[in-house]
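Read off the chains here:
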Amino acid sequence: MDLSDNKVLSLPAVALSRLPNLKRLKIDYNRIGALDYDILRSLKGLEELSLAHNIIREIPEGTFKDLRDLKILNLYGNKIAELSMETFLGLEDSLEYMDLGYNIIDRVSRIQYPKLRFLNLEKNLIKNISNVFNLLTSLQVLNLAENKIDRLPAGVFRAMTNLLQVNLEKNKIRKLEPGVFQNAYLTKVNISSNLLTEIETQSFSNLEILEVVDLSDNRISTIENGAFDTIPHLKKLHLQKNRLNSFKGDIYSGVKNELEVLDLSDNEMTYLYPESFESHPQLKWISFAKNRFAFFPTQFIKNLQQLEYLNLEKNQIKSLEDNDFANLPNLRRLKLSMNEIESISETAFQNSSQLQFIDISFNNISELKNDLFNGILRLQLNAGHNNLTSIPDKLFEKRKVFRLESLDLSHNQFSEIPVNVLKNQYNTLETLKISHNNIKVIPSDDNILV
């Protein structure tokens with residue numbers, strides 16, 4: 001039964017007593033302010049109860065004591081202030097999913113639900129989680145985002161022997177103790193948007209199946225050697241929006257891993273170390289956007305044979321030199337917009353045959369060399385917001401670029417549409433942008449455009 005989004009003020013106990021076979025009851029988005037035993041006692045076979053987005057303030061002890069089959073309880077978006085074993089007495093042996101997010105809970109006493117697999121406590125006022133969740137040995141997902149937690153006691157997650165994911169986003173955590181996430185089955189940790197300033201040695205260590213770590217939007221300026229020690233299956237590491245000024249490979253103790261995604265955007269980085277990527281031969285996606293590189297040492301990424309995406313936009317790069325992005329066999333997307341690029345070497349992209357999307361917009365480029373894109377099979381080029389007045393007639397010849405699919409030349413200084421350049425690509429070109437230039441005439445023989 002679904003009675004959501006009406007103007008229900010209280011659960012109709014008499015009506016519900018006539019539904020002895022009811023398994024699922026959903027009464028979200030109403031104005032229910034109270035629950036008690038007399039209302040629910042007739043629903044002994046109930047397996048799912050959802051009362052999200054009501055105004056329930058308290059739950060008297062024993063309210064759920066006859067609901068021995070209840071597996072799913074959703075009380076998201078109410079006014080509940082406390083979570084304890086007495087609150088949900090009777091559900092100890094059945095409850096598998098509990099959602100108490102977006103309430104006003106400021107204290108959680110030790111709870112024990114042996115079958116509970118999912119617990120959402122996001123958007124509450126919880127500060128202390130010491131010895132609270134130790135008995136939840138079946139729990140797989142714990143969401144504590146947007147609370148007021150300021151410290152994580154050592155071993156706080158150790159006894160939760162089936163925990164897969166923990167979300168601590170948007171709290172007030174300032175420090176990670178070594179081994180704080182020690183847990184054999186942990187696969188995903190989100191501790192973004194906190195107050196961390198450094199990641200100490202072995203903050204994340206001996207996590208055999210950990211795959212995702214999100215440390216974005218903190219104040220991290222230092223990551224010590226071995227901070228990510230013995231994490232062989234780490235696939236995604238988010239370090240964007242911090243205060244890092246460099247990136248060294250020794251935070252992984254030199255052990256090769258399976259890292260595929262590395263986000264270092266929006267930091268204060270000016271340089272890399274030669275060994276930065278030696279431990280990451282599987283990297284596919286890297287972002288250094290919004291940093292302070294005046295020169296990007298591309299020789300350090302040459303061994304990343306799996307690299308598909310590289311983002312260097314919003315830096316201070318002045319030029320692209322010989323072979324900078326050459327010989328990268330799987331590179332597909334390259335973003336270089338919003339730098340200070342004035343010149344691009346003719347061999348900058350040489351032999352990167354899979355390169356399909358190149359963004360060099362918002363720079364100071366006044367010339368594109370004749371063989372710049374030689375050997376590219378499919379090309380989508382954004383060269384808008386530069387100082388181009390013309391481009392070479394043979395730039396997009398079929399023997400150089402097999403398929404030109406999209407071309408953005410807007411916000412440049414063209415006085416005429418470069419139709420001669422496009423005549424070999426008329427059957428593949430899908431998008432041409434040439435607005436905000438100095439074009440005054442479109443000649444009648446420019447039918448190549450259609």
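Residues numbered from 1 in each chain as written. Predicted model: local features only at pLDDT ≥ 70, side-chain atom pairs only at ≥ 80, totals over all residues. Heavy atoms only, no water.

### What about the overall build of the chain?
A count of helices and strands for the chain gives three helices and 28 strands. What you see for the chain is a C-alpha radius of gyration of 29 Å, clearly larger than the 22 Å of a compact globule of 450 residues, by over 25%. With the C-alpha coordinates aligned to their principal axes, the bounding extent of the chain is approximately 85 × 55 × 30 Å. For the chain, the share of sequence-separated contacts (at least 6 apart) that also reach a separation of at least 24 residues comes to 53%. For the chain, the computed accessible surface area is about 20500 Å², with 44% contributed by carbon and sulfur atoms. In the chain, which carries 53 positive and 58 negative side-chain charges, the distance between the mean positions of the two groups comes to 4 Å. (Helix = DSSP H or I, 4+ residues; strand = E, 2+ residues; numbered from the N terminus. Rg over C-alpha atoms; globule rule 2.2 N^0.38 Å. Contact = heavy atoms within 4.5 Å. Areas by Shrake-Rupley, 256 points an atom, 1.4 Å probe, with all protein chains shown as cover. Lys, Arg positive; Asp, Glu negative; His and termini not counted. Charge placed at Lys NZ, Arg CZ, Asp CG, Glu CD.)

### Some thoughts on the pairing of strand 26 (residues 376-382)
The pairing of strand 25 (residues 357-359) with strand 26 spans three bridges and is parallel. Among the inter-strand pairings, I358 is bridged to a residue of strand 26, identified as L381. Pairing of strand 26 with strand 27 (residues 401-408), which is carried by six bridges, proceeds in the parallel orientation. For L381, the partnering residue across the bridge sits in strand 27 and is L407. (Pairing = 2+ DSSP bridges.)

### Focus: the side chain of N183
On the secondary structure map, N183 appears in the loop between strand 9 (165-167) and strand 10 (188-190). Within the structure, the side chain of N183 is placed 3.2 Å from the backbone nitrogen of Y185, a separation counted as a polar contact. Ignoring anything within four residues of it in the chain, the contact list for N183 reads F157, R158, M160, L163 and L207. (Polar contact = N/O pair within 3.5 Å; in protein donor to acceptor, adjacent residues only side chain to side chain.)

### Things to note about the environment of L432
Among the secondary structure elements, L432 is positioned in strand 28 (residues 431-433). Each C-alpha atom of the pair L432 and S410 lies 9.0 Å from the other, and the pair is 22 residues apart in sequence.

### So, the nonpolar core
Judged by nonpolar contacts, the single largest core of 131 residues is most densely connected at F181, F204 and F396. Setting aside residues up to four positions removed in sequence, F181 forms contacts with L152, F157, V166, L168, L176, L186, V189, I191, S203, F204 and L207. (Core = buried A, V, L, I, M, F, W, Y, C linked by side-chain atoms within 4.5 Å. Buried < 20%, exposed > 50% of the residue type's maximum accessible area, 1.4 Å probe, protein only.)

### Observations concerning a positive patch on the surface
Where like charges cluster on the molecular surface, the positive patch consists of K148, K172, R174, R219 and R243. Within the element layout of this structure, K172 appears in the loop between strand 9 and strand 10. (Patch = residues over 30% accessible without salt bridge, like charges linked within 9 Å, V, L, I, M, F, W, Y side chains within 5 Å. Salt bridge = Lys/Arg side-chain N within 4 Å of Asp/Glu carboxyl O.)

### Topic: the pattern of salt bridges
As enumerated under the stated definition, the model contains 17 salt bridges in all. Connected through shared salt-bridge partners, R378, R403 and E405 make up one network.

### Some points on the packing of aromatic side chains
Evaluation of the coordinates by the stated rule reveals 16 aromatic pairs. For the ring pair F277 and F288, a centre distance of 6.3 Å and an interplane angle of 75° mean the geometry is edge-to-face. A residue pair is termed long-range when its members are at least 10 positions apart, and F277 in the loop between strand 19 (271-272) and strand 20 (285-287) and F288 in the loop between strand 20 and strand 21 (309-311) qualify at eleven residues. The residues F277 and F288 share a single accessibility class, namely buried. Residues F288 and F293 carry aromatic rings whose centres are separated by 5.6 Å and whose planes lie at 85° to one another, so their mutual orientation is edge-to-face. (Phe/Tyr/Trp six-rings, centres within 6.5 Å; stacked < 30°, edge-to-face > 60°.)

### Things to note about unusual backbone geometry
Unlike most non-glycine residues, Y29 shows phi in positive territory, near 50°. Since its relative accessible area comes to 49%, Y29 is described here as partly exposed. One non-glycine residue, N327, adopts positive backbone phi at about 60°.

### Comments concerning the environment of I358
For I358, the position within the fold is in strand 25. Taking the C-alpha atoms as reference points, I358 and L379, 21 residues apart in sequence, are found 7.6 Å from one another. Contact partners of I358, with chain neighbours within four places excluded, come to L334, F349, F373, I376, L379, Q380, L381 and N382.

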